[in-house]
2 protein chains.
Amino acid sequence: MLSLVHLKVLAAVARHGSVTEAAKQLHYSQPSVSHHLARLEAATGVKLVQRIGRGIRLTSEGQLLARRASEIVGRVDAATTELAAQVGLQSGRVRVAANASTAATIVPRAAAALAREHPGLELSLFERHPVDALAMLRHGEAEVAVVFRHARGGGVPLRPPR
Amino acid sequence: MLSLVHLKVLAAVARHGSVTEAAKQLHYSQPSVSHHLARLEAATGVKLVQRIGRGIRLTSEGQLLARRASEIVGRVDAATTELAAQVGLQSGRVRVAANASTAATIVPRAAAALAREHPGLELSLFERHPVDALAMLRHGEAEVAVVFRHARGGGVPLRPPR
DNA sequence: GTGGTTTACGAACGGCGTAATAATT
DNA sequence: AATTATTACGCCGTTCGTAAACCAC
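Since this is a predicted model, take the numbers as computed values, not measurements. (Residues numbered from 1 in each chain as written. Chains lettered and ligands numbered in written order. Predicted model: local features only at pLDDT ≥ 70, side-chain atom pairs only at ≥ 80, totals over all residues. Heavy atoms only, no water.)

## Details of the sheet that holds strand S3 (residues 92-98) of chain B
Residue and element names in this part refer to chain B.
Now for step 1: The strand order across the open sheet formed by 3 strands is S4-S3-S5, and the pairing between neighbours is parallel. In this open sheet, the two edge strands, each paired with only one partner strand, are strand S4 (121-127) and strand S5 (144-146). For this sheet, the mean inter-axis angle between neighbouring strands, taken without regard to orientation, is 20°.
Now for step 2: Here 3 bridges tie S3 to S5, and the two strands are oriented parallel to one another. Following the sheet pairing, Ala97 is matched in S5 by Ala145.
Now for step 3: Docked against the sheet, helix H6 (residues 106-117) engages S3, S4 and S5, running at close to 175° with respect to S4.
Now for step 4: Strand contacts of helix H7 (residues 130-138): S3, S4 and S5, with the helix running at about 165° to S5, the strand carrying the most contacts. (Pairing = 2+ DSSP bridges. Helix = DSSP H or I, 4+ residues; strand = E, 2+ residues; numbered from the N terminus. Axes fitted to C-alpha atoms, helices over the stretch in contact; angles between N-to-C directions. Contact = heavy atoms within 4.5 Å.)

The structure is reproduced here in structure tokens:
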């Protein structure tokens, strides 16, 4: 089984076209990156890079694998983020600042849905004038603000809880 | 960065609902799988499994991550396969057995395209009666057979070179 | 006691950096 | 001489298996 680190390194080398640059971006030493490439070649049994002049170039197979590697690494990062978000939704505080009309209409419906989906959340609703609602959001006194700015088209700034 | 092995183990545990079964399917020892789960929990900081009676159960976060893990591991496997196929197309031998009518019409066009895309391939064409063409395929004397079985709807058995 | 999971321990491997070497401009 | 990549080496963490302990039916 390939290693994610190997794939990440290959993707970085593909992006920057150089072992040195990839190492810098990954905060690795130059030899580490070189070694990773060698190991990845050994693991796959495929030549992935070519020395060309005093730099290197990916072979066509290297380019193919690098594209897949970017995709895969992206998914891993996304899964990590998603998991963290899921945990954040299990418990925590969500303070909603809304103006009168939204606080009476769409906010209760959204609040009910949120409470149903994530019963562990502590949910508070504050009815404020739009300007004050946004101020609460800005000052960290609320996680969510719901206001109408215009008659048509609304603004719904959203920050995840913690 | 999460480890692919960890993700693979989590996916296997999710599939089989048991550390023991997952270990069997992965050809690991039982303690290894247990240890992997513990490490994955440590790495993510999230409780992923619960002891329940004398078995275990994934938490909701565990189930979420397991779904993503399956997806990711699948992509890694696909990339590996794809890379191997790409290498196979760089060099090797493709022997095509075709009956007279296809050998004169669609096969040359396909052969030209293949030769253009993958110049390293050694390409041979054999014109045979349909039955003999399929026999060559079956006996490993050809990698590809192209025959018409009926007046409408053709059969194009394909095996990748090596 | 049986089936299942976890903890403990030791061996082998992998991954990292620093230092030294090679190759190209 | 300067820049880039590789090889050599030592350290530490990870991963594996076996053996022992733990827990629930």
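## Notes on the interface of chain B and chain A
Now for step 1: If you look at the interface, chain B gives 23 residues, while chain A gives 24 residues.
Now for step 2: Carbon and sulfur atoms make up 75% of the area that chain B and chain A hide from each other, which totals about 2300 Å².
Now for step 3: At the boundary of chain B and chain A, one finds 4 salt bridges.
Now for step 4: Across the contact surface, chain B and chain A share 4 residue pairs in polar contact (both at pLDDT 80 or more).
Now for step 5: Every element with two or more residues in the side of chain B that touches chain A is listed here: helix H1 (4-16) and helix H4 (60-90) of chain B.
Now for step 6: Its residues assigned to classes, the side of chain B that touches chain A comprises 12 nonpolar, 5 polar and 6 charged. (Buried area = accessible area lost by both parts, 1.4 Å probe. Salt bridge = Lys/Arg side-chain N within 4 Å of Asp/Glu carboxyl O. Polar contact = N/O pair within 3.5 Å; in protein donor to acceptor, adjacent residues only side chain to side chain. Nonpolar A, V, L, I, M, F, W, Y, C, P; charged D, E, K, R; others polar.)

## Quick look at the protein's contact with DNA strand C
Now for step 1: Around DNA strand C sit 19 residues in total, of which A:Ser32, A:His36, B:Thr20, B:Gln30 and B:Ser34 are the nearest.
Now for step 2: When the atoms of DNA strand C within 4 Å of the protein are grouped by moiety, sugar and phosphate amount to 67% of the total.
Now for step 3: Between DNA strand C and the protein, one listed contact pairs a phosphate oxygen with a side-chain N or O atom of A:Ser32 at 2.7 Å.
Now for step 4: Interatomic distance of 2.3 Å between a side-chain N/O atom of B:Thr20 and a phosphate oxygen of DNA strand C.
Now for step 5: When residues of the surface near DNA strand C are traced back to their parent elements, those giving at least two are helix H3 (30-44) of chain A together with helix H2 (19-26) and helix H3 (30-44) of chain B.
Now for step 6: Among the elements that line the surface near DNA strand C, the one with the most residues is H3(A), at 4 residues. (Near = heavy atom within 4 Å.)

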